[in-house]
Amino acid sequence: MTKIALSLLLSVSALLLSAKNLLAETQTPIRQIEVEGIYSIEKEEIVYLLDLKEGEVIDPERLERGIKRAFLKGIFEDILIELSSEGVLRVKVKERDFIEGIKVRGNSYLKDKFIKKHFLLKEEMPMRYDMVEEAQKRLKALYAFSGFPNVEVLLEIKRAKPNSINLVLSIKEGTPIRIKKIVISDMPKNEKEQKKMRSLMELKEGDVYDQFKLKTDIEALSLRLRKSGYLDPVVEYSFEDTTLHLTILRGKRLMVNIQGNEKVKARAIQAVLPFFETGDFRDELVEEAVSKTLSLYHENGYPFAKVAPVISRYDDEISLNLFIFEGRKVKVGSIRFEAVSIAKERLKEIMTLKEKGLFNPNALETDIAVIKEFYMALGYLNVEVAEPEVDIRDSSASINIKITEGSRVTVSSVRLMGVKHFSEAELEDVIPISEGDPYNEIDIADARLRIIDLYGKEGFVDAKVEIQRNIVENTAEVVFSIEEGSKVFIGKTIIQGNRRSKTVVIRRELDYSEGMPLNFSQFGTSRQRLYRLGIFTDAKIEVQDRYGDKADIAIKVQEGKAGAVEFGLGYGEYERYRGFVDISYRNLFGMNRQVSLRAELSTLESRHILNYYEPWFLGRRIPLRALFLTEQKKEKNIDTGQTRYRIKRHAVSVGTEKRIGRWAKADIFYEFSIAKTFDVLPDVILTKEDTGTLSISSIMPGVVYDTRDNAFDPRRGMFAGVSLKIASSEFLFSETDFVKLIVHVSTYKRLTKWLVSAVSLKGGTAKGFGRTKELPLIERFFLGGRSTVRGYAQDDLGPKSTVGTPTGGSAFTLGNLELRAYVGRGWSFVGFLDAGNVWPELDDVQLDKLKYTTGIGLRYITPVGPLRLDYGYKIDREPGESTSEIHFSIGHTF
């Protein structure tokens, strides 16, 4: 490998020298640039890397750097540059072959994935023709280790594209070596233990002699022996004449017996013992075991605990008896300080030990060190903290700490030396030290880092800052000596590893551009933006080469899988059985364009959705979303099974969104839909649009504010928004006219580690205008069911017809309160109170007519949100209504 790299380096060096010599004397300006042989990148990128411009005379030094950059791209095998007397510059390149795919044929014992993992040549990597023989050799060795010594491997190379190839591995595994007999020496005498150990082995008589499986079996046997008390067991093996010999060298066995422990479990004590981790038993380890056991007791508030080890040896067995005297449990009664000028409560805050907390004598030493550091941070450089006096009576410890503060050192002056680029006032703004402040080494070190960071943001990456301290009696002069160095600017950016993604996708996410001062903090921002695209699993940004006052930047990305297939099955109390399939691709045409096709099916509904997302519309950071939807669904009475109405709908929407700061987002969409409503119960029909075909053309602006820590299972934060929908026949050619407004806000607060309160308020109103007097059925509001007012059936709350069929309304109010208790292992319990109602018109709203339900729920966390089971009970049930409802679904109510 070293010889190959050296050969490649010499070839590039020779090419650079040749190009430099050929073009050193020419003064012909470049009239036209032609590029031949490129397939993977655009012409503009290689011209950019070579730093060539039409109308300019070639600079040999610039060209030399450009050729280096082009080779660092990692896709070129050869580059030839020619300049004609007419000024036509021809760049002829030969791209390296990349392995597009590897197919494995003829294998039955080893799986494709296992072979590809261990094969020397990898998919998506440059093809190394010089490594073909070594790759085949290693694959044969892999098979031999797996029990197939006579394997034959044939590698076939097939060209897929001008710069891509496919590898086909044809394998003839041959006859394997099989184990006819397994002999295990020095097994435990206990027959039950023998059976247990044999059951741990995957290899059986008659199996292929696979040394990978043998290695796993040996590790399993060794682990079993260690669990049985053997300190350092060894399992040796040999294979002769189809017989596998295993010899167990058990070594010394340690039996640990813990006596006298009542307050601390034996399992906790066993966990801190060092013997099995080190595989040895020595006097020093016994002392360590005693020390760790005492520390464990001290942490639990038992300062008088004592541990007496008694050791017995019998041939290859060691018996360690730990006799424990636990003593009484002690809590901290009071903490007092003598001769202090600092507020005593402030000193108590920084201590580990707390009044009314457990008394741990080991924590005292740490607390004394913390107190001393705290004083020194305040300028008391000569502070002394005496050994604490501890008085334990009954089960309470009184702690008295005597402190000799000494004189306080303050900063007399702060001076800056060597400052040229900045004004002293600019530097003083970033230094958190001023005259009269306590002398504090932490603040001084922080000031030095702030100065270096300020210089670094302006391109002075080599800036050095040294600190001089002149302390006289109780005052200190601090001097920052600065060596600024030279200012460095960003040169060219070389992007590596993007086989499927266009270079422009990466460049437009960068937080810097050519010619800007080199600022390392912008690298971190750029990496975050690249990760957010969702198409890269890794992105590294580093300075490549420096020349003069410029530095080239290298970005190496690792592309992930852009495609995904998701599916799921579920059950809900309203839809019954349901499922979905979602096929998505996040990098269409290499431009980070996203497309997905989703199909949803249930006993009540079938829906097909095609989504398209363009992150940069018209070359600007304006995200564009488009959606095409077709659906068929029926609304039915969950109790009687009677269908209220059916809907067929086709819709298309297109719109854009804009981030407003870190937490907020505004969007605006246009939607056109054609809906056909049929099989409508007569008492549900309120308008002429409630049956037949209706086209709705609308504009939908909205704003969302989201600070939740987790969209699926929030524990803190807020989610709020306002959405408006306007349909107009005059301006948007809609068959109906209305305005629809919905406002919602949800807040989440962690009360304790395991308890979260969640509150949600939501309201909406709609109004027809023009020729629309009543809101169409498909645009009305309905409440009731698993995600609104639990305790009521789906859509069963609000205005009803004369026969009791819900008809929906034009105004609603909804409130939900939940107390979520997380009990561990993904499970949680919820207590809730819901309130809401629907009214025919906004003028009809009466908050004293809200319907209330309460209940409890059970949750189990999954990757797509919690599985949810709720029982809702009606508080103010009316005659003829059910007492309660049970709801089952996925996801929180809000």
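These figures come from a predicted structure and were not determined experimentally. (Residues numbered from 1 in each chain as written. Predicted model: local features only at pLDDT ≥ 70, side-chain atom pairs only at ≥ 80, totals over all residues. Heavy atoms only, no water.)

Let's talk about the overall build of the protein
This is how it is decided: Strands here mean DSSP runs of E at least two residues long; helices mean DSSP runs of H or I at least four residues long; both are numbered from the N terminus. Radius of gyration here is computed from C-alpha atoms only, and the compact-globule reference equals 2.2 Å multiplied by the residue count raised to the power 0.38. Categorising residues by exposure relies on relative accessible area from a 1.4 Å probe, with only protein chains included: less than 20% of the type maximum marks a residue as buried, more than 50% marks it as exposed, and the intermediate range marks it as partly exposed. Contacts: residue pairs with any heavy atoms within 4.5 Å of one another. Computed by Shrake-Rupley with a 1.4 Å probe, the accessible areas treat only the displayed protein chains as cover when residues are assessed. In this count, Lys and Arg are taken as positive residues and Asp and Glu as negative ones, while His and the chain termini are left out. Working definition for charges: the position is that of NZ of Lys, CZ of Arg, CG of Asp or CD of Glu.
Looking only at helices and strands, the protein features 17 helices and 38 strands. For 894 residues, the compact-globule estimate of 2.2 N^0.38 gives 29 Å, and the protein exceeds it by more than 25% at 38 Å. Once the C-alpha set of the protein is aligned to its principal axes, its extents read approximately 100 × 95 × 85 Å. For the protein, with 894 residues in total, the buried portion stands at 42%. In the protein, 58% of the contacts between residues at least 6 apart in sequence involve partners at least 24 apart. Split by element, the accessible area of the protein, about 47,900 Å² in all, is 53% carbon and sulfur. A gap of 5 Å separates the mean positions of the 134 positive and 130 negative side-chain charges of the protein.

Concerning the pattern of salt bridges
In plain terms, the rule: By convention in these notes, a salt bridge is any Lys or Arg side-chain nitrogen within 4 Å of a carboxyl oxygen on Asp or Glu.
For the structure shown, the criterion picks out 59 salt bridges. With its nearest N and O atoms 3.2 Å apart, the salt bridge here joins Glu-689 to Lys-688. Accessibility expressed as a relative area gives 10% for Glu-689, which makes it buried.

Some details on the packing of aromatic side chains
What counts is decided by this rule: Here the aromatic set is Phe, Tyr and Trp, taking the six-membered ring for Trp, and pairing holds for ring centres within 6.5 Å; pairs whose planes are under 30 degrees apart are stacked, those over 60 apart are edge-to-face, and all others are tilted. A ring is considered to have a charge above it if a Lys NZ or an Arg CZ atom is located within 6 Å of its centre and within 35 degrees of its normal.
Inspection of every chain in the model, using the stated rule, returns 15 aromatic pairs. For the ring pair Tyr-143 and Phe-148, a centre distance of 5.8 Å and an interplane angle of 90 degrees mean the geometry is edge-to-face. Note on Tyr-143: relative accessible area 0%, which makes it buried. A relative accessible area of 4% means that Phe-148 is categorised as buried. Put simply, the rings of Tyr-109, Tyr-143 and Phe-148 touch in pairs and so form one group of aromatic residues. Of note, Arg-598 hangs over the ring of Phe-580, and the distance from its end group to the ring centre comes to 4.2 Å. For Lys-874, the ring lying beneath its charged end belongs to Tyr-792, and the centroid distance is 4.7 Å.

Brief notes about the side chain of Ser-84
Following the sequence through the fold, Ser-84 ends up in the loop between strand E2 (76–83) and strand E3 (88–95). Sequence-distant contacts of Ser-84, defined by excluding residues within four places in its chain, comprise Thr-28 and Arg-90.

Let's talk about the pairing of strand E16 (residues 396–404)
For clarity, the threshold we go by: Should DSSP find at least two bridges between two strands, the strands are taken to pair.
Bridge analysis of strand E13 (residues 331–338) against E16 gives seven bridges, and the strand direction is parallel. Its bridge partner lying in E16, Lys-331 is registered against Ser-396. Of the pairings in the sheet, the one linking strand E14 (residues 384–385) to E16 comprises two bridges and is antiparallel in character. When the sheet's bridge partners are listed, Val-385 is paired in E16 with Ile-403. Bridge count between strand E15 (residues 389–393) and E16: five bridges; the pairing is antiparallel. Directly across from Arg-393, in E16, lies its bridge partner Ser-396. Counting the residues that bridge the hairpin from E15 to E16 gives two residues, and of these Asp-394 lies at a positive phi of roughly 55 degrees.

Describing the sheet that holds strand E1 (residues 32–36)
Basically, it comes down to this: As a rule, the C-alpha atoms of each element are fitted with a line to give its axis, helices using only the stretch in contact, and angles between N-to-C directions run from 0 to 180 degrees.
What the three strands build is an open sheet, ordered E1-E3-E2; its pairing is mixed. Because the sheet does not close on itself, it has two edges, and the strands there are E1 and E2. Averaged over neighbouring strand pairs, the angle between their axes works out to 15 degrees when direction is ignored. The strands touched by helix H2 (residues 43–50) are E1, E2 and E3; relative to E1, the strand with the most contacts, the crossing angle is about 115 degrees.

Concerning unusual backbone geometry
Residues other than glycine seldom take positive phi values, yet Glu-473 does so here, at roughly 55 degrees. The topology assignment puts Glu-473 in the loop between strand E18 (464–472) and strand E19 (475–483). Residue classification places Glu-473 among the exposed residues on the basis of a relative accessible area of 73%. With a phi angle near 60 degrees, Phe-733 is a residue other than glycine that sits in the positive phi range. Following the sequence through the fold, Phe-733 ends up in the loop between helix H17 (729–732) and strand E32 (738–750). The class of Phe-733 is exposed, set by a relative accessible area of 69%.

Notes on the sheet that holds strand E11 (residues 306–314)
Taken in spatial order, the three strands line up as E10-E12-E11 in an open sheet, and their pairing is mixed. Each having just a single partner strand, strand E10 (253–259) and E11 make up the two edges of the open sheet. Within this sheet the neighbouring strands show an average axis-to-axis angle of 15 degrees, counted without direction. With nine bridges connecting them, E11 and strand E12 (residues 317–325) associate as antiparallel partners. In the strand pairing of E12, Arg-313 is matched with Ile-318. Each of E11 and E12 is contacted by helix H10 (residues 283–299), which is oriented at about 145 degrees to E11, the strand it contacts most.

What to know about empty space enclosed by the protein
Convention followed: Two kinds of site are reported from a 1 Å grid over the protein atoms alone, namely cavities, where a 1.4 Å probe fits but cannot get out, and pockets, open sets with protein on both sides within 12 Å along at least five of seven lines, and residues are called lining when an atom falls within 4 Å of a point. Grid points are joined across faces, edges and corners, and a volume is the space filled by probe spheres set on the points. Classification used: nonpolar for Ala, Val, Leu, Ile, Met, Phe, Trp, Tyr, Cys and Pro, charged for Asp, Glu, Lys and Arg, polar for all others including Gly.
One pass over the structure, following the stated rule, counts two cavities of 30 Å³ or more. Computed from the structure, the largest cavity encloses a volume of approximately 60 Å³. Along its surface, the largest cavity is lined by Ile-30, Leu-50, Asp-51, Leu-52, Lys-53, Glu-56, Val-57, Ile-58, Asp-59, Arg-62 and Leu-63. The residue inventory of the lining of the largest cavity, partitioned by class, reads six nonpolar, no polar and five charged. The space that makes up the second largest cavity amounts to roughly 30 Å³.

Description of H10
So the rule is basically this: Take the number of residues in a helix, subtract one, and multiply by 1.5 Å to get its expected span.
Under the 1.5 Å per step criterion, the end-to-end length of H10 is 24 Å for 17 residues, consistent within 8% with the ideal 24 Å. Among the residues making up H10, those that are buried are Leu-285, Val-286, Ala-289, Val-290, Thr-293, Leu-296, Tyr-297 and His-298. Looking at the buried positions of H10, the neighbouring elements they touch are helix H8 (266–272), helix H9 (275–278), E11, E12 and helix H12 (361–377). Positive backbone phi, at 90 degrees, marks Gly-301, one or two positions downstream of H10.

Digging into the confidence of the model for the protein
Stated precisely, the cut-off is as follows: A residue's pLDDT is the confidence the predictor assigns to it, expressed on a 0 to 100 scale.
Overall, the prediction assigns the protein a mean pLDDT of 92, with 96% of residues at 70 or greater. Across residues 1–12, confidence stays below pLDDT 50; counting only partners more than four residues off in sequence or on other chains, it has five contacts.

Considering the pairing of strand E21 (residues 536–547)
As paired elements, E21 and strand E22 (residues 550–559) share nine bridges and run antiparallel to each other. Opposite Phe-536, over in E22, you have Glu-559 as the bridge partner. A loop of two residues connects E21 with E22, the two strands running antiparallel in sequence, and Gly-548 in this loop sits at a positive phi of about 60 degrees.

Side note on a nonpolar patch on the surface
Let me state the cut-off plainly: Distance thresholds for patches are 9 Å for like charges and 5 Å for nonpolar side chains (Val, Leu, Ile, Met, Phe, Trp, Tyr), applied to residues having over 30% relative accessible area and no salt bridge.
On the surface, a cluster of nonpolar side chains totalling about 980 Å² of accessible area is made up of Val-759, Leu-761, Leu-817, Leu-833, Tyr-852, Ile-856, Leu-869, Tyr-871, Tyr-873, Ile-875 and Ile-886. Contributing elements (two or more residues each) for the nonpolar patch: strand E33 (755–768), strand E36 (851–860) and strand E37 (867–874). The biggest single contributor to the nonpolar patch is E37, with three residues. Within the fold, Tyr-852 resides in strand E36.

Regarding a negative patch on the surface
Side chains of Glu-424, Glu-426, Glu-428 and Asp-429 sit close together on the surface and give a patch of like negative charge. Along the chain, the position of Glu-428 falls in helix H13 (residues 424–430). Glu-428 sits in the partly exposed class, given a relative accessible area of 47%.

Re the packing of helix H6 (residues 191–199) against helix H7 (residues 211–227)
The interhelical angle for the contact between H6 and H7, taken along N-to-C directions, is 145 degrees, at an axis separation of 9 Å. Contact with H6, carried on its side by Glu-193, Lys-196 and Met-197, involves Leu-221, Arg-224 and Leu-225 of H7 and no other residues of that element. Broken down by class, the residue content of the contact of H6 with H7 amounts to three nonpolar, no polar and three charged.

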